[in-house]
Amino acid sequence: KVNVTASFAGVAPARITITFAPPLKISFHVNFGTYCSAASQIAKIDGTAYTCSQLSSTTFSWGYKSTHTYNFIPVINIASNIREIFKNITIYGVSYTSPNGTITVTNSTTINVTYYTQYYFIELANPSSGGSVTPGTGWYNVSNINIVATPNSNWLFKNWTCTDTGCYAGTSSTATITLNNPINETANFYSTTSTTTSTTSTSTSTTTSTTTSSTTT
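Since this is a predicted model, take the numbers as computed values, not measurements.

Enquirer: Help me understand the overall build of the protein, please; the structure alone is not making it clear to me.
Expert: Helices and strands together make up the secondary structure of the protein, namely one helix and 18 strands. For the protein, the proportion of its 217 residues judged to be buried stands at 30%. Long-range pairs, those at least 24 residues apart, make up 58% of the contacts in the protein with a sequence separation of at least 6. Total accessible area on the protein stands at roughly 13,500 Å², and carbon and sulfur atoms take up 50% of it.

Enquirer: Got a minute to help me understand the nonpolar core in this structure?
Expert: Soluble, globular proteins show a tendency: their nonpolar side chains are buried together. Counting 43 residues, the largest nonpolar core has F28, F32, I42, L55, F72 and I89 as its most contacted members. The biggest single contributor to this core is strand β12 (residues 109–126), with five residues. Beyond its immediate chain neighbours, meaning those up to four positions away, F28 contacts I45, L55, S56, T58, F60, F72, I89, I103, T110, I111 and V113.

Enquirer: What's the story with the confidence of the model for the protein in this structure? I'm lost.
Expert: Regions with low pLDDT should not have their predicted coordinates read in detail. Residues of the protein with pLDDT of at least 70 account for 83%, and the chain-wide mean is 87. Long-range and interchain partners of residues 196–217, a stretch whose pLDDT sits below 50, account for zero contacts in this model, where long-range means more than four residues apart.

Enquirer: Looking at this structure, how should I read the pairing of strand β9 (residues 82–91)?
Expert: Within a regular strand, the side chains alternate between the two sheet faces. The buried fraction of β9 is high, at seven of 10 residues. With four bridges connecting them, strand β8 (residues 75–79) and β9 associate as antiparallel partners. The partner of V75 across the bridge, within β9, is I85. The hairpin formed by β8 and β9 contains two residues between the paired strands. Pairing between β9 and β12: eight bridges, direction antiparallel.

Enquirer: How should I be thinking about the state of the cysteines in this particular structure?
Expert: One way to say it: the disulfide is the covalent bond shared by the sulfur atoms of two cysteines. The final tally for this structure, using the stated rule, is two disulfides. Linked covalently through their sulfurs, C36 and C52 form a disulfide whose S-S length is 2.0 Å. With the S-S bond torsion at -110°, the cross-link from C36 to C52 turns out left-handed. Of the two residues, C36 is situated in the loop between β3 (24–31) and β4 (43–45) and C52 in helix α1 (residues 52–56); the sequence distance between them amounts to 16 residues.

Enquirer: Can you walk me through the side chain of N181 in this structure?
Expert: Structurally, N181 can be placed in the loop between β17 (174–178) and β18 (183–191). Of note is the side chain of N181, whose polar atom sits 3.0 Å from the backbone oxygen of T165. Sequence-distant contacts of N181, defined by excluding residues within four places in its chain, comprise Y119, D164 and T165.

Enquirer: Whenever I open this one, a nonpolar patch on the surface confuses me. Can you help?
Expert: On the surface, a cluster of nonpolar side chains totalling about 330 Å² of accessible area is made up of I16, I18 and F20. Counting through the fold element by element, I18 comes out in strand β2 (residues 11–18). The exposure class assigned to I18 is partly exposed, which follows from its relative accessible area of 36%.

Enquirer: I keep staring at the packing of aromatic side chains and nothing clicks. Help me out?
Expert: Any pair of aromatic rings gets described here by the distance separating the centres and the angle formed by the planes. For the structure shown, the criterion picks out 12 aromatic pairs. When the centroid spacing of 5.9 Å and the interplanar angle of 25° are considered together, the rings of F72 and F86 count as stacked. In this pair, F72 is assigned in strand β7 (residues 67–72) and F86 in strand β9, connecting sequence segments 14 residues apart. Taken as a pair, F72 and F86 share a single burial class, namely buried. Each member of the aromatic cluster is reached from another via a ring pair, and the members are F28, F32, Y50, F60, W62, Y70, F72, F86 and Y115.

Thresholds, definitions, all that
Residues numbered from 1 in each chain as written. Predicted model: local features only at pLDDT ≥ 70, side-chain atom pairs only at ≥ 80, totals over all residues. Heavy atoms only, no water. Helix = DSSP H or I, 4+ residues; strand = E, 2+ residues; numbered from the N terminus. Buried < 20%, exposed > 50% of the residue type's maximum accessible area, 1.4 Å probe, protein only. Contact = heavy atoms within 4.5 Å. Areas by Shrake-Rupley, 256 points an atom, 1.4 Å probe, with all protein chains shown as cover. Core = buried A, V, L, I, M, F, W, Y, C linked by side-chain atoms within 4.5 Å. pLDDT = per-residue confidence, 0-100. Pairing = 2+ DSSP bridges. Disulfide = S-S within 2.5 Å. Polar contact = N/O pair within 3.5 Å; in protein donor to acceptor, adjacent residues only side chain to side chain. Patch = residues over 30% accessible without salt bridge, like charges linked within 9 Å, V, L, I, M, F, W, Y side chains within 5 Å. Salt bridge = Lys/Arg side-chain N within 4 Å of Asp/Glu carboxyl O. Phe/Tyr/Trp six-rings, centres within 6.5 Å; stacked < 30°, edge-to-face > 60°.

Shown next, in the form of structure tokens:
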């Protein structure tokens, strides 16, 4: 605390008190699943880029009532079939769904940032003319998924074949899988219409006659 006194001729002295306060500590807690270390960049704070790991381990020293900007990346591609989606940011107990905004500092705090994981699920009908499958190929949150195979007319469902952990391979046309990683599922169908091909074979027989001559003396 500093007291400043100013006096001028013919004017009563004036005193101003200046109070200095230590900087406030601001940190970020990033809920990013198991892919934090794989993300090359997650956000910019006051224009400076940070990875998930860097932001989680950085403590900012900001002044009281100072204002700072944040810009989080809405969709972060970890791989061709894995991505992280921005959900919200919570500042002083208030949750915001926009990835961009400002922070006005009033006290030391931890800011919570939440992302959620999506996996690319591939679901195919084999052959495609044999039937349909649901829910279909696309991006899905980590969850249980009900898969259904429906044959077309003159086709019957045979089985599911699949790849990756947690997939279903079996003969039930409906099943539930847990999507904790990318999964490929294929519903196999077979036709109830059969085609019979008749082949006629022609056999040719050749007879050879041998004549023996005998001479008597």
